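Each chain, letter by letter, is given below.
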Amino acid sequence: MQGGQMIVEENTKLSSVLTPSKPSYIQSLTKIVGTLGPNSRSVEIIEACLKAGMSVARFDFSWLDGDYHQETLENLRMAMKNTKKLCAIMLDTTGPELQVCNKTGNPIDFKADSHVTVTSDLSKELSAEVLPVDYAELAKMVRKGDTVYLGQHLFTGHETTSVWLEVLETKGQDVVCLVKNSATLAGSMFTVYVSNVPINLPTLTEHDKQVISKWGSHNKVDFISLSYTCHGEDVKELREFLKKQNLSETQIYAKVETVEGLKHFDEILREADGIIFGRGNLGIDLPPEKVFLFQKYAVNKCNIVGKPVVITRVVDSMTGNLRPTRAEATDVANAVLDGADGIMLGAETLRGLYPVESISIVGKICAEAENVYNHSLHFKRIIRHVGEPMSYAESVASSAVRSAVKVKAAIIVVFTSSGRAARLIAKYRPPVPVVAIVTPRLRANSLKWTFSGAAQARQLLGVRGVYPILGGPDAATSGGEEPGLRLAIEHGRSVGLLKSNDRIVVFQKIGDSAVVKIIEVQGQFLA
């Protein structure tokens, strides 16, 4: 198991630590997923989030309805147009999540050592003594001594907003519990989580299917985060459902957040397009001293096969504070050093007081960690895993990254229509940005001609270090690279990634062959 690799040169001086970081168009190679909600849904705030480094916007359907999220999405589209920045759309399913509905919205105070009854009788009124939960089988699933968590943050640093309950006994449909800590719960909905007890509900619920068939299909979402993924079959089921909804191009990121998912991680990874390591619930299921072990295992597995992996729950304290804790800042850096493709922000941007600052600070931490990331070690590890003889594609992709390092290239430009070539380059973790020129594919049916490529471009926003540019139709039909390459160079110059005499490594397919070449930027021309 690898992870947490870094390299610090001997001549690194304290002054480099004390020197402020330089601003850059690309704040970090690591991507940031921001959850949009009450405190981050206006056009102005979303524009600021995009400028701060948000690459993927997450819509969490365990909160509020489709109309609310549609309005937020329209604001996102306006913000993208205003800032001229691309952003992918991620739909996060609710899954078999147990919830307590607080219809009044009034805060509820729980006192340590008091008793509370969790019941499936929804006719009972919510109070500090009674918690109606939407699951009829709960009393049959738990036993004396089991742990039940209730709240918003579920013991990840905000203990005053979550409650730890210990099961004392069950009576019919009621579960009598001992309150282990004092807390005040506020809001319209509280999540209920029973540690290490499988809930007999489908991973893809009927509610999720309705959301996907209506909201997801209407908006042609780029990613679906499949919450509570436990088996590879869960991913297969969702993929079949997506095909029926004309969403076959939508990528599936399996959210692994339970011990059951941990046990079947390898089969989940085979079926999914990417992995989200959900540390909220998993941090409850596992002893605290074991969480980092699975994180390193999971990230390394994803790196080896070249599939994106996103880490969650990193700066929870920024929900109410302007700065992360020292431990949180170190946690973000270690996720990058482990090899994470992205960092997901949940409550920090959904309802936190500082959504823009959360994105900005996480991006800065990622960038600093990338500066000491041991690219050479990662490259050698991937080469060793791929073995010999290498496939043609692996050989050329690894050569492109090796060449970029040797000639100190400013960027790598890759031409792709499906995104696979760019992902293959990213698998070898080049230390420079990968500018992917996504050339549209011309498709035809009995009624019309259409170009594809926009979805493939946005989906690359979930891959570490890859920055997509959608090429024009001429790039797909002219058969030449010149228009696309000039587009990449002009963009690189406009945002400060390229200057005269910089070198560029170009990866492209010509017919059935793939080639790598090195060019130099000189004035308005290429050498």
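Scroll up to find the structure.
Notes on the structure follow. (Residues numbered from 1 in each chain as written. Predicted model: local features only at pLDDT ≥ 70, side-chain atom pairs only at ≥ 80, totals over all residues. Heavy atoms only, no water.)

## Some points on the overall build of the protein chain
1) Next: Secondary structure assignment for the protein chain yields 19 helices and 25 strands.
2) Next: Out of the 527 residues belonging to the protein chain, those deemed buried represent 55%.
3) Next: For the protein chain, the computed accessible surface area is about 23700 Å², with 52% contributed by carbon and sulfur atoms. (Helix = DSSP H or I, 4+ residues; strand = E, 2+ residues; numbered from the N terminus. Buried < 20%, exposed > 50% of the residue type's maximum accessible area, 1.4 Å probe, protein only. Areas by Shrake-Rupley, 256 points an atom, 1.4 Å probe, with all protein chains shown as cover.)

## What about the packing of helix H5 (residues 206–219) against helix H6 (residues 232–244)?
1) Next: Close contact between H5 and H6 brings their axes to 11 Å; oriented N to C, the two are set at 35°. For the pair H5 and H6, the sense of crossing is right-handed. From H5, Lys 209, Ile 212 and Ser 213 reach across to H6, where they touch Glu 237, Leu 238, Phe 241 and Leu 242.
2) Next: Taken together, the residues of the contact of H5 with H6 break down into four nonpolar, one polar and two charged. (Axes fitted to C-alpha atoms, helices over the stretch in contact; angles between N-to-C directions. Left-handed = near helix turned anticlockwise from the far one by under 90°. Contact = heavy atoms within 4.5 Å. Nonpolar A, V, L, I, M, F, W, Y, C, P; charged D, E, K, R; others polar.)

## Side note on unusual backbone geometry
1) Next: At the junction of Glu 388 and Pro 389, the peptide bond is cis and its omega measures out at -5° in the coordinates.
2) Next: Relative to the helices and strands, Pro 389 is located in the loop between helix H14 (375–386) and helix H15 (392–406).
3) Next: A positive phi is found at Lys 84, a non-glycine position, where the angle reads about 60°.
4) Next: On the secondary structure map, Lys 84 appears in the loop between helix H3 (66–83) and strand S3 (88–92).

## Some remarks on the pattern of salt bridges
Side-chain pairs of opposite charge can arise where the charged atoms are in close proximity.
1) Next: Within the structure shown, the criterion is met by 23 salt bridges.
2) Next: For Lys 301, the salt bridge is made with Asp 266, and the minimal N-O distance between the two is 3.8 Å. With a gap of 35 residues between them, Lys 301 in helix H10 (residues 288–305) and Asp 266 in helix H8 (residues 265–271) connect regions that are remote in the sequence.
3) Next: The salt bridge involving Lys 427 is made with Glu 394; its shortest N-O contact spans 2.8 Å. Here Lys 427 is found in helix H16 (residues 420–427), whereas its partner Glu 394 is found in helix H15, with 33 residues between them in sequence. (Salt bridge = Lys/Arg side-chain N within 4 Å of Asp/Glu carboxyl O.)

## Structural notes on the sheet that holds strand S17 (residues 342–345)
1) Next: Sheet architecture is closed into a barrel: eight strands sit in the order S1-S2-S3-S13-S14-S15-S16-S17, paired in parallel fashion. Taking each pair of neighbouring strands and ignoring which way they run, the sheet shows an average axis angle of 25°.
2) Next: Summarising the sheet, strand S15 (residues 274–277) and strand S16 (residues 309–311) pair through three bridges and their orientation is parallel. Paired with Ile 275 across the two strands is Val 309, which belongs to S16. (Pairing = 2+ DSSP bridges.)

## Some details on the pairing of S15
1) Next: Going residue by residue along S15, you find Gly 274 and Ile 276 tucked away on one face and Ile 275 and Phe 277 tucked away on the opposite face as well.
2) Next: Sheet topology note: the strand S14 (residues 251–256)/S15 ladder contains four bridges and is parallel. What sits directly across from Tyr 253, in S15, is Gly 274.

## Considerations on the packing of aromatic side chains
1) Next: Within this structure, the stated rule accounts for eight aromatic pairs.
2) Next: When the centroid spacing of 5.0 Å and the interplanar angle of 65° are considered together, the rings of Phe 61 and Trp 215 count as edge-to-face. Taken together, the residues span a long stretch of sequence, with Phe 61 in the loop between strand S2 (54–60) and H3 and Trp 215 in helix H5 at a distance of 154 residues. Each member of the pair, Phe 61 as well as Trp 215, is classed as buried. (Phe/Tyr/Trp six-rings, centres within 6.5 Å; stacked < 30°, edge-to-face > 60°.)

## Overview of the pairing of strand S12 (residues 189–194)
1) Next: Judged by how many residues are buried, S12 sits mostly within the fold: five of six residues are covered.
2) Next: One ladder, built from four bridges, connects strand S8 (residues 147–151) with S12; its direction is antiparallel. Looking at the pairing, Val 148 lines up with Val 194 of S12.

## Observations concerning the environment of Gly 283
1) Next: Structurally, the position occupied by Gly 283 is in helix H9 (residues 279–285).
2) Next: Between the C-alpha atoms of Gly 283 and Ser 195, which are 88 residues apart in sequence, the distance is 9.8 Å.

## Concerning H16
Side chains that are three or four residues apart share a direction in an α-helix, a result of its 3.6 residues per turn.
1) Next: The buried fraction of H16 amounts to seven of the eight residues, a majority that puts the element mostly inside the structure.
2) Next: Inspection of H16 places Ala 421, Ala 422, Arg 423, Leu 424, Ile 425, Ala 426 and Lys 427 among the buried residues, and these make up the whole buried set.
3) Next: Positive backbone phi, approximately 50°, marks Arg 429, located one or two places after H16.

## Quick word on the sheet that holds S12
1) Next: Strand order in the open sheet made by the seven strands is S4-S12-S8-S9-S10-S6-S7, with mixed pairing throughout. Two strands lie at the open edges of the sheet, namely strand S4 (98–101) and strand S7 (130–132), each paired on one side alone. Adjacent strand axes in the sheet meet at a mean angle of 30°, parallel and antiparallel pairs treated alike.
2) Next: Across three bridges, the pairing between strand S6 (residues 115–119) and S7 is parallel. From the neighbouring strand, Thr 119 faces S7, where its bridge partner is Pro 132.

## Details of the environment of Arg 381
1) Next: By secondary structure assignment, the location of Arg 381 is in helix H14.
2) Next: In the structure, Arg 381 is positioned 78 residues away from Asn 303 in sequence and 9.7 Å away in space, judged by C-alpha atoms.

## Quick notes on the nonpolar core
1) Next: Core analysis: the largest hydrophobic core is formed by 66 residues, its most contacted members being Met 54, Phe 59, Leu 76, Ile 212, Trp 215 and Ile 275.
2) Next: In contact with Met 54, other than residues within four places in its own chain, are Ile 32, Gly 34, Leu 36, Ile 46, Cys 49, Leu 76, Cys 87 and Ile 359.
3) Next: Counting 29 residues, the second largest nonpolar core, distinct from the first, contains Val 401, Ile 412, Val 466 and Ala 514. (Core = buried A, V, L, I, M, F, W, Y, C linked by side-chain atoms within 4.5 Å.)

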